[in-house]
Amino acid sequence: MNANGKVGANPHRVTLRIEKTIENGTATIRLIGRARSEHLDALGAEVQTCASRVVTIDLAEITNLDVEAVHFLSACELRGFYLINCPPFVREWIQRERETEES
């Protein structure tokens with residue numbers, strides 16, 4: 001039994017919650033938790049549903065990413081989406097990956 005009282009729950013399970021709100025023509029996709037490559041299909045689907053709007057991706061509650069998620073966020077930003085509340089470690093990683101791709 002884990003701390004939450006669940007039997008057999010894996011405490012190391014990678015989880016990401018995606019919340020979407022639309023207000024005044026702007027779609028905000030809020031990412032909460034850990035973003036991994038296995039989440040990118042679901043995240044891409046959410047982004048696609050917002051294609052005709054201004055899109056912001058709120059990273060205030062992101063705790064961890066893998067390199068594929070960083071590439072995804074970088075590509076979103078290059079497509080004109082806004083990354084808001086981006087933690088410094090994510091911003092620096094995106095920049096490093098862009099510099100690597102350019103060289």
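For the structure itself, look to the data block above.
This write-up is about the structure you can find in this document. What you see is a predicted model, and the numbers here were worked out from it, not measured in a lab. (Residues numbered from 1 in each chain as written. Predicted model: local features only at pLDDT ≥ 70, side-chain atom pairs only at ≥ 80, totals over all residues. Heavy atoms only, no water.)

### Some points on the nonpolar core
Basically, it comes down to this: Buried Ala, Val, Leu, Ile, Met, Phe, Trp, Tyr and Cys residues that are joined via side-chain atoms within 4.5 Å together make up what is termed a nonpolar core. Only protein chains enter the area calculation, which uses a 1.4 Å probe; residues under 20% of their type maximum are buried, those over 50% are exposed, and those in between are partly exposed. By definition, any uninterrupted DSSP run of H or I lasting at least four residues is a helix, any uninterrupted run of E lasting at least two residues is a strand, and each is numbered from the N terminus. By definition, residues are in contact when any of their heavy atoms lie within 4.5 Å.
Ranked by size, the top nonpolar core spans 25 residues in total, and within it Leu31, Ile57, Leu59, Ile62, Leu65, Leu73 and Val90 carry the most contacts. Where this core is concerned, the elements lending two or more residues are β2 (26–35), α1 (40–49), β3 (54–65), α2 (67–78) and α3 (88–102). If near-sequence neighbours (up to four positions away) are discounted, Leu31 is found in contact with Leu16, Arg17, Ile18, Leu43, Ile57, Asp58, Leu59, Glu61, Ile62 and Leu73.

### Points about the pairing of β3
Short version of the rule: Strands are treated as partners if at least two bridges between them are detected by DSSP. Looking down the strands as they point away from the viewer, one classifies a crossover as right-handed if the path from the first strand across the helix to the second runs clockwise.
Strand direction decides the pairing type here: β2 and β3, joined by 9 bridges, are parallel. Considered in β3, the bridge of Ala27 is made with Val55. Both β3 and strand β4 (residues 82–84) contribute to a ladder of 3 bridges, which runs parallel. Within the sheet, the bridge partner assigned to Asp58 lies in β4 and is Ile84. As a crossover connection, the stretch from β3 through α2 into β4 is right-handed.

### Section: the packing of α2 against α3
Counted only if it meets this: For helices, the fitted line uses only the C-alpha atoms of the stretch in contact; every axis is such a line through C-alpha atoms, and the angle between N-to-C directions lies from 0 to 180 degrees. An angle below 35 degrees is read as roughly parallel, one above 145 as roughly antiparallel, one from 65 to 115 as roughly perpendicular, and any other as oblique. Side-chain classes are defined by residue name, with Ala, Val, Leu, Ile, Met, Phe, Trp, Tyr, Cys and Pro counting as nonpolar, Asp, Glu, Lys and Arg as charged, and the others, Gly among them, as polar.
Between α2 and α3, the least distance of the axes is 10 Å, while the angle of their chain directions is 85°. Here α3 runs roughly perpendicular to α2, going by the angle between their axes. Between α2 and α3, the contacting residues are Val67, Val70, His71, Leu73, Ser74, Glu77 and Leu78 on the first element and Val90, Arg91, Trp93, Ile94, Glu97, Arg98 and Glu101 on the second. Classifying every residue of the contact of α2 with α3 gives 7 nonpolar, 2 polar and 5 charged.

This is a description of form; function is not addressed.
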